[in-house]
Amino acid sequence: MAASLSIDDLLDAINETAIISETDLNGKITFINDKFCEISGYTLKELLGKPHSIVRSDVHPPEFFSQMWNTLKREENWHGDVCNRKKNGELYWVNTTIIPIFSNQHGKTMRYVAVRFDVTDKKRIERELYLRNKEFDSFLATTDGFCQLNLSGHFLDISDSLYAMTGYSDSELRKMTLVDLEVLTQEKADIIPSAKKRLIITNIAC
C-alpha cells in the first residue's frame with residue numbers, strides 16, 4: 001500500500017513549485033517564499049515591507065490593477081495572468097490567484113495571499129504563434145492566387161485574390177479541389193507526397 005502524503009510533504013511540494021506571497025490590505029509585502037526571491041531576483045530583505053508594485057511592469061494599464069483591487073475589495077478571489085519585472089529588468093509572466101484572508105472574529109479581510117506559477121515560456125510560445133499567424137495572414141492577403149490544401153486537395157486557406165481570379169464564392173471553393181479548377185490534372189494531384197500535411201500553391205493563375 002502506498003504511503004499517504006503528509007501535510008508537511010504537501011506544503012513542501014507547493015512551496016517548491018509555487019510563488020507565494022502575503023500582503024496587508026495596502027499591498028505591502030509581509031511574507032514571501034524562496035521561490036518568489038528566486039524568480040524576481042530580489043532578496044527577502046529587499047522585498048519585506050515593500051509594496052508589491054516593486055515587481056510591477058509597465059505591460060498592464062492602470063485599469064488592469066484597478067479592476068484587480070476592486071475585485072479584492074469585494075472580498076472575492078482574483079485570478080489572471082500578470083507580467084512582472086525582475087530586479088535586473090527582465091519580464092516574467094505568472095498565472096496568479098489572490099485570495100482575501102478573513103478574520104475569524106469579524107469576518108473582514110485582514111490580508112491577501114497570492115499563489116503564482118511561472119508561465120513565461122507558455123506566454124513566449126503564444127506570442128510566437130501569434131506573430132507567425134499574423135505574418136501568414138499578411139502573406140495570404142498580399143499573394144496573388146495563394147491557397148493551402150489538405151491531402152485530398154480541398155482548400156484550407158484561400159487568399160482574397162483567388163476568389164477574384166476564379167469568380168467562385170468561399171462556400172463554392174470549399175467544396176472544390178484544384179482538379180475542379182483545372183489547375184492540376186488528376187494524375188498530378190495523385191502524386192502529392194502523402195507525408196506532407198499541407199500543400200501550398202502560389203501564383204495559381206500561372
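Provided above is the structure to which this section pertains.
Residues numbered from 1 in each chain as written. Predicted model: local features only at pLDDT ≥ 70, side-chain atom pairs only at ≥ 80, totals over all residues. Heavy atoms only, no water.

**Q** Would you explain the environment of Phe36 in this entry?
**A** Topologically, Phe36 is positioned in helix 2 (residues 34-40). Distance from Phe36 to Arg116, taken between C-alpha atoms, is 9.0 Å for residues 80 residues apart in sequence. Apart from residues no more than four positions distant in its own chain, Phe36 is found in contact with Ile19, Ile20, Ser21, Leu47, His52, Val55 and Arg116. (Helix = DSSP H or I, 4+ residues; strand = E, 2+ residues; numbered from the N terminus. Contact = heavy atoms within 4.5 Å.)

**Q** I would appreciate a short explanation of the pairing of strand 5 (residues 109-118) in the present structure.
**A** Remark: a regular strand shows side chains that alternate across the two faces of the sheet. In this sheet, strand 5 lies alongside strand 1 (residues 19-23) in antiparallel orientation, the contact comprising five bridges. Looking at the pairing, Ile19 lines up with Arg116 of strand 5. (Pairing = 2+ DSSP bridges.)

**Q** Even after reading the chapter, I still don't get helix 4 (residues 62-73), so can you show me in this structure?
**A** In an α-helix, one turn spans 3.6 residues, which is why side chains three or four residues apart end up on the same side. With twelve residues, helix 4 should cover 16 Å at 1.5 Å per step; its first-to-last C-alpha distance of 17 Å lies within 8% of that length. All buried positions along helix 4 are accounted for by Phe64, Phe65, Met68, Thr71 and Leu72. Along helix 4, the residues classed as buried sweep out an arc of 120° about the axis, all on the same side. Those residues of helix 4 that are exposed and aimed more than 90 degrees away from the buried face are Pro62, Gln67 and Lys73. After helix 4 finishes, the residue Glu75 shows a positive phi value of roughly 60°. (Expected span 1.5 Å × (residues − 1). Buried < 20%, exposed > 50% of the residue type's maximum accessible area, 1.4 Å probe, protein only. Arc of directions from axis to C-beta.)

**Q** Any chance you could explain unusual backbone geometry here in plain terms?
**A** Most peptide bonds take the trans configuration, and most residues that are not glycine carry a negative phi. Here the phi dihedral of Glu75 falls at roughly 60°; this positive angle occurs in a residue that is not glycine. In this structure, Glu75 sits in the loop between helix 4 and strand 3 (78-85).

**Q** Explain the nonpolar core to me, please; I cannot follow it from the model alone.
**A** Leu47, Met68, Trp78 and Ile98 are the most contacted members of the largest nonpolar core, which has 20 residues in total. Counting residues per element, the ones that place at least two in this core are strand 2 (29-32), helix 2, helix 4, strand 3, strand 4 (91-102) and strand 5. Examining the composition of this core, we find that four residues originate from one element, helix 4, more than from any other. What Ile98 contacts, discounting residues up to four positions off in sequence, is Met68, Leu72, Asn77, Trp78, Tyr112, Val113 and Ala114. Within the second largest apolar cluster, nine residues are counted, among which are Phe155, Leu173, Leu178 and Leu181. (Core = buried A, V, L, I, M, F, W, Y, C linked by side-chain atoms within 4.5 Å.)

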